[in-house]
Number of protein chains: 2
Amino acid sequence: MLVRINSAHRRPVDGHLAAVAGDRACCSEFRYRRGSEIFGEGEDAEFVYQITSGAVRTYKLLPDGRRQINSFHLPGDMFGFENNEAHRFTAEAITETDVRIMTQSNLLGAMPGQAAGPKNLIGFVTQNLQHAENHMLLLGRKTSLEKVAAFLREMDERLAQPDVLNLPMTRRDIADYLGLTLETVSRSLSTLRDEHILRFDGPTQRRVEILDRDRLSQLDA
Amino acid sequence: MLVRINSAHRRPVDGHLAAVAGDRACCSEFRYRRGSEIFGEGEDAEFVYQITSGAVRTYKLLPDGRRQINSFHLPGDMFGFENNEAHRFTAEAITETDVRIMTQSNLLGAMPGQAAGPKNLIGFVTQNLQHAENHMLLLGRKTSLEKVAAFLREMDERLAQPDVLNLPMTRRDIADYLGLTLETVSRSLSTLRDEHILRFDGPTQRRVEILDRDRLSQLDA
DNA sequence: CGGAACTTTGACGACTCTCAAGCTTCGTGG
DNA sequence: CCACGAAGCTTGAGAGTCGTCAAAGTTCCG
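About the thresholds
Residues numbered from 1 in each chain as written. Chains lettered and ligands numbered in written order. Predicted model: local features only at pLDDT ≥ 70, side-chain atom pairs only at ≥ 80, totals over all residues. Heavy atoms only, no water. Helix = DSSP H or I, 4+ residues; strand = E, 2+ residues; numbered from the N terminus. Buried < 20%, exposed > 50% of the residue type's maximum accessible area, 1.4 Å probe, protein only. Contact = heavy atoms within 4.5 Å. Areas by Shrake-Rupley, 256 points an atom, 1.4 Å probe, with all protein chains shown as cover. Near = heavy atom within 4 Å. Polar contact = N/O pair within 3.5 Å; in protein donor to acceptor, adjacent residues only side chain to side chain. Nonpolar A, V, L, I, M, F, W, Y, C, P; charged D, E, K, R; others polar. Patch = residues over 30% accessible without salt bridge, like charges linked within 9 Å, V, L, I, M, F, W, Y side chains within 5 Å. Salt bridge = Lys/Arg side-chain N within 4 Å of Asp/Glu carboxyl O. Lys, Arg positive; Asp, Glu negative; His and termini not counted. Charge placed at Lys NZ, Arg CZ, Asp CG, Glu CD. Least-squares fit on C-alpha atoms with pLDDT ≥ 70 in both. Expected span 1.5 Å × (residues − 1). Arc of directions from axis to C-beta. Domains from an automatic or database assignment. Buried area = accessible area lost by both parts, 1.4 Å probe. Pairing = 2+ DSSP bridges. Axes fitted to C-alpha atoms, helices over the stretch in contact; angles between N-to-C directions. Core = buried A, V, L, I, M, F, W, Y, C linked by side-chain atoms within 4.5 Å.

Per the secondary structure count, chain A includes seven helices and 12 strands. The burial tally for chain A puts 52% of its 221 residues in the buried class. If you take every contact in chain A between residues at least 6 apart in sequence, the share linking residues at least 24 apart comes to 70%. Counting only carbon and sulfur atoms, one obtains 46% of the accessible surface of chain A, whose full area is about 9900 Å².

Here is the structure:
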């Protein structure tokens, strides 16, 4: 379910979309409910998205339902750019999520064609590629504990947390990101808790405090 | 070991590098011996490469030596483009390999800044990203037999073989590409042979004839 | 021609998955 | 605000897929 929350002409205040597009022809804002689909694999790619709040998962499915999550997207992240082709994966809101939207063609048209830098389209696609390359190493060659440790380090870094990680995704999401089952994720987290590398904060199991970043790094190969 | 085999001003006759660069400022040619390194992870990215004959593997290593091969590169393929940064993985010649080389800066300078199409840099990086996304699904969620079947389908398609696949890589290379051990790859191939889905051609085990593409596809999820 | 590299196959083991049960948390509606 | 049902999480026991270790045969290359 999609709810429009702003006028189509509201101007963005900061972030990549504005930087990339040169702050023009931008952006509608939309809100997606927890679990709702933003776009589906195979659909024509009409828009590019940037998260203002919430979190998004992008994934592929096998015919029998096995799922591989490519990446999690957090506030500030851009996703859905497809270079004038169909979406190659599905995007869903993990929690209630607000996004800015602009059309792919506006983004392309607004792009000056210059070379390097993280703010242009090549830099954007290259960042995704780099993440995918690192993730292939994780999926193909790391143990379950190493995978979970790497996941926590990634979230720790991306959420830039002073204190407690507030994970938006379920154990199953984490499992499908790491190529594990949710039980194995749970067991690995329990192991890290027993080793006093992390602790769970409060009643929920989604709030995690990293107690020992050094040992966490050691575990991640 | 690197051997120069052509004048620096030989003009390319076809393929991506020429198309991308607009057929100018191109290309020296070099030959690499079996197993020699073309560039190393972390090195400054000076050149972009296109294979004229042979095969190349690109991979990352964990500190303890576990290896994940990102991709195999075959004649016509371009690799090594890094958008003005350091190489993110190592590239090695699998067999004796001839490549065309041009500098990254020439490639960037020669690029007109326009938008879509598979022949420009964004299209090139996007192709790599797409391959990586498919490979994450394979690594995270497919069984050993599905992985080997997918590998054979990929090679069958890319080598565009009328008859027999002549695989340049060892079982260990295949294993490190699929996130398996060489023994598991060997066992899976034997299973496919026993099922009359493929047969080995001649004395070597590197020449494979696909006997039943339909059943091979079914096995690949 | 000889040795190194590669491949296959077997036996065994272990890491991770599957299946299951029970508990906790969350979200919705009364 | 509380209650209830659904969803999420943990933990255990057992099984299975794939990895490890080992040995022998084959191919390749100098």
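Having seen the model, we can carry on.
What follows is about the protein's contact with DNA strand D. By nearness alone, 21 residues border DNA strand D, and Ser186(A), Ser190(A), Arg206(A), Ser144(B) and Thr184(B) come closest of all. Of all atoms in DNA strand D that approach within 4 Å of the protein, 68% are sugar or phosphate atoms. Here Glu183(B) contributes a side-chain N or O atom positioned 3.1 Å from a base nitrogen of DNA strand D. Pro203(B) is positioned with one of its backbone polar atoms (N or O) 3.1 Å from a phosphate oxygen of DNA strand D. Breaking the surface near DNA strand D down by element, the ones donating at least two residues are helix H6 (182–194) of chain A together with helix H6 (182–194) of chain B. Here the element with the most residues in the surface near DNA strand D is H6(A); it accounts for six residues. A breakdown of the residues in the surface near DNA strand D according to their chemical character gives four nonpolar, 10 polar and seven charged.

Around DNA strand C lies a shell of 21 residues, among which Thr184(A), Arg171(B), Ser186(B), Ser190(B) and Arg206(B) are the nearest. Restricting the count to atoms of DNA strand C within 4 Å of the protein gives a sugar and phosphate share of 69%. A distance of 2.9 Å separates a phosphate oxygen of DNA strand C from a polar side-chain atom of Ser144(A). Residue Glu183(A) places a side-chain N or O atom 3.1 Å away from a base nitrogen belonging to DNA strand C. Residue assignment for the surface near DNA strand C shows that the elements contributing at least two residues are H6 of chain A together with H6 of chain B. The dominant element in the surface near DNA strand C, judged by the number of residues it contributes, is H6(B), at six residues. Per-class residue counts for the surface near DNA strand C are four nonpolar, 10 polar and seven charged.

Turning to a negative patch on the surface, a few remarks are in order. Taken together, the side chains of Glu37(A), Glu43(A), Asp44(A) and Glu46(A) define an acidic patch exposed on the protein surface. Mapped onto the elements of the fold, Glu37(A) is located in strand S3 (residues 37–39).

A few words on the side chain of Lys147(B). All names here are of chain B. For Lys147, the position within the fold is in helix H4 (residues 144–158). We note that Lys147 is buried and unpaired, the nearest opposite charge coming from Glu146 at a distance of 8.7 Å. Setting aside chain neighbours within four positions, we find Lys147 in contact with Leu138, Leu139, Lys142, Leu178, Gly179 and Leu180.

At an RMSD of 0.0 Å, chain B and chain A line up after a rotation of 180° and a shift of 0.0 Å along the axis. In symmetry terms, the pair is related by a two-fold rotation axis.

Residue and element names in this part refer to chain A. Here H6 contains 13 residues, and its C-alpha end-to-end distance of 18 Å stays within 8% of the 18 Å for a straight helix at 1.5 Å per residue. Three or more residues of H6 are buried, namely Val185, Ser188, Leu189 and Leu192. Buried positions in H6, seen along its axis, are confined to an arc of 100° and lie on one side of it. Exposed residues lying more than 90 degrees from the buried face of H6 are Arg187 and Asp194. Tucked inside the fold, the buried residues of H6 contact helix H4 (144–158), helix H5 (171–178), strand S11 (198–200) and helix H7 (213–219).

Residue and element names in this part refer to chain A. According to the domain assignment, chain A contains domain 1 (2–136) and domain 2 (143–220). Listed as interface residues are 15 residues of domain 1 and, on the opposing side, 14 residues of domain 2. Across the domain 1/domain 2 interface, buried area totals approximately 1100 Å², and carbon plus sulfur atoms make up 57% of it. A per-residue breakdown of the area domain 1 buries against domain 2 is headed by Arg67, Phe72 and Leu74, which together make up 52% of the total.

Next up on the list: the pairing of strand S8 (residues 90–93) of chain A. All names here are of chain A. Burial along S8 is two-sided: the face carrying Thr90 and Glu92 and the face carrying Ala91 and Ala93 are both buried. Bridging between strand S5 (residues 56–61) and S8 involves four bridges; their strand directions are antiparallel. Following the sheet pairing, Val56 is matched in S8 by Ala93.

All names here are of chain B. The strand order across the open sheet built from four strands is S3-S8-S5-S6, with neighbouring strands paired in antiparallel fashion. A single partner strand is all that each edge strand has here, and the edge strands are strand S3 (37–39) and strand S6 (67–73). Ignoring strand direction, the axes of neighbouring strands in this sheet form an average angle of 30°.

Generally speaking, soluble globular proteins have nonpolar side chains that are buried together. Among the nonpolar cores identified, the biggest contains 88 residues, and Phe81(A), Phe151(A), Leu152(A), Phe81(B), Phe151(B) and Leu152(B) are the most heavily contacted of them. With residues near it in sequence (within four places) discarded, Leu152(A) still touches Leu165(A), Leu189(A), Leu192(A), Leu198(A), Ile210(A) and Leu216(A).

On to the pairing of S6(B). Residues and elements named next belong to chain B. Counted residue by residue, S6 has seven buried out of seven residues, so it is predominantly covered. Summarising the sheet, strand S5 (residues 56–61) and S6 pair through six bridges and their orientation is antiparallel. When the sheet's bridge partners are listed, Thr58 is paired in S6 with Ser71. Linking two consecutive strands that pair antiparallel, namely S5 and S6, is a turn of five residues; a positive phi of about 100° is found at Gly65 within it.

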